[in-house]
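Survey of secondary and tertiary structure
Spelled out, the chains give:
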Amino acid sequence: MSIEVSPIVRTFTYQGIMLPDVPGLAPGEVRNLYSAQYPELISAEIDGGEVVNGRQDYTFRKAVGVKGATRSGGRLAALRQRVQDEAEGRSGSDPRLDLALTRRVSQACAQAWSGFAELDNARHANARAAVTITSDMLAPLP
């Protein structure tokens, strides 16, 4: 009785598009490689099927959800409300927020975003365009 060795052919699909296999890379590394072309693959899940007739099919599925959403309508709105409450002396602020706001990196980012928004608003004042900063532009709080 002899043992037969046969290679397993891998296939990768994303939204019905067949993506060529990259030999020598793990499925997660293949996903990271193709994320340059399809940025939504960065957070995609990998579904690996069973090996059937020497072939294994992998499917990349987009993660579904709203990034940073809260019941109040977004992290940015919640952060603004907390900062306003703290500035007005209302109690009940989050100690994690207090810690984050005292960090130099957080203050530098806030100044940079404010400067960018003011500059862009001034540049587009005649067109009445304003910069909208959304919650997905914010880095997560530690």
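First, a word on scope: everything that follows refers to the structure included in this document.

**Some words on the environment of Tyr14**
- Along the chain, Tyr14 falls in strand β1 (residues 9–14).
- Each C-alpha atom, one on Tyr14 and one on Ile46, is 9.9 Å from the other, the two residues being 32 residues apart in sequence.
- Among the polar contacts made by the side chain of Tyr14, one reaches the side chain of Glu40 at a distance of 2.9 Å.

**Topic: the packing of aromatic side chains**
- Following the criterion strictly, the structure yields 3 aromatic pairs and no others.
- Centroid distance Phe12 to Tyr58: 5.1 Å. Interplanar angle 15 degrees. Geometry classified as stacked. Of this pair, Phe12 sits in strand β1 while Tyr58 is found in strand β4 (residues 55–61), placing the two residues 46 residues apart along the sequence. No difference in accessibility class separates Phe12 from Tyr58, as the two residues are buried.
- For the pair Phe12 and Phe60, a centre-to-centre distance of 5.6 Å together with 15 degrees between the ring planes defines the contact as stacked.

**Quick notes on the pairing of β4**
- Across the two faces of β4 the burial differs, with Gln56, Tyr58 and Phe60 buried and Arg55, Asp57, Thr59 and Arg61 not buried at all.
- Judged from the 6 bridges that link them, β1 and β4 form a sheet pairing that is parallel. Each bridged residue has a counterpart across the sheet, and for Phe12 the counterpart in β4 is Tyr58.
- The hairpin turn running from strand β3 (residues 45–52) into β4, its antiparallel successor, is 2 residues long, and Asn53 in that turn takes a positive phi close to 55 degrees.

**Section: the pattern of salt bridges**
- As enumerated under the stated definition, the model contains 3 salt bridges in all.
- Where Asp21 meets Arg10, a salt bridge forms, and the shortest distance between an N and an O atom there is 2.7 Å. Of the two residues, Asp21 sits in the loop between β2 (17–19) and α1 (27–34) while Arg10 sits in strand β1, which places them 11 residues apart along the sequence.
- Using a relative accessible area of 17% as the deciding quantity, one classes Arg10 as buried.
- Salt-bridge contacts for Asp57 lead to Arg55; the nearest nitrogen and oxygen are separated by 2.9 Å.

**Thoughts on the environment of Val22**
- Along the chain, Val22 falls in the loop between β2 and α1.
- Classification of Val22 as partly exposed rests on a relative accessible area of 22%.
- As a C-alpha pair, Val22 and Arg10 span 12 residues in sequence and 9.0 Å in three-dimensional space.
- Once residues within four sequence positions are removed from consideration, Val22 is found in contact with Arg10, Val30, Leu33 and Tyr34.

**Some details on the sheet that holds β4**
- The 4 strands lie next to each other as β2-β1-β4-β3, forming an open sheet whose pairing is mixed. Taken across any chain shown, the strands that pair with only one partner, and hence form the sheet edges, are β2 and β3. In this sheet, adjacent strand axes meet at a mean angle of 25 degrees when their direction is disregarded.
- Pairing between β1 and β2: 3 bridges, direction antiparallel. Bridge pairing links Phe12 to Leu19 in β2.

The rules behind the values
Residues numbered from 1 in each chain as written. Predicted model: local features only at pLDDT ≥ 70, side-chain atom pairs only at ≥ 80, totals over all residues. Heavy atoms only, no water. Helix = DSSP H or I, 4+ residues; strand = E, 2+ residues; numbered from the N terminus. Polar contact = N/O pair within 3.5 Å; in protein donor to acceptor, adjacent residues only side chain to side chain. Phe/Tyr/Trp six-rings, centres within 6.5 Å; stacked < 30°, edge-to-face > 60°. Buried < 20%, exposed > 50% of the residue type's maximum accessible area, 1.4 Å probe, protein only. Pairing = 2+ DSSP bridges. Salt bridge = Lys/Arg side-chain N within 4 Å of Asp/Glu carboxyl O. Contact = heavy atoms within 4.5 Å. Axes fitted to C-alpha atoms, helices over the stretch in contact; angles between N-to-C directions.

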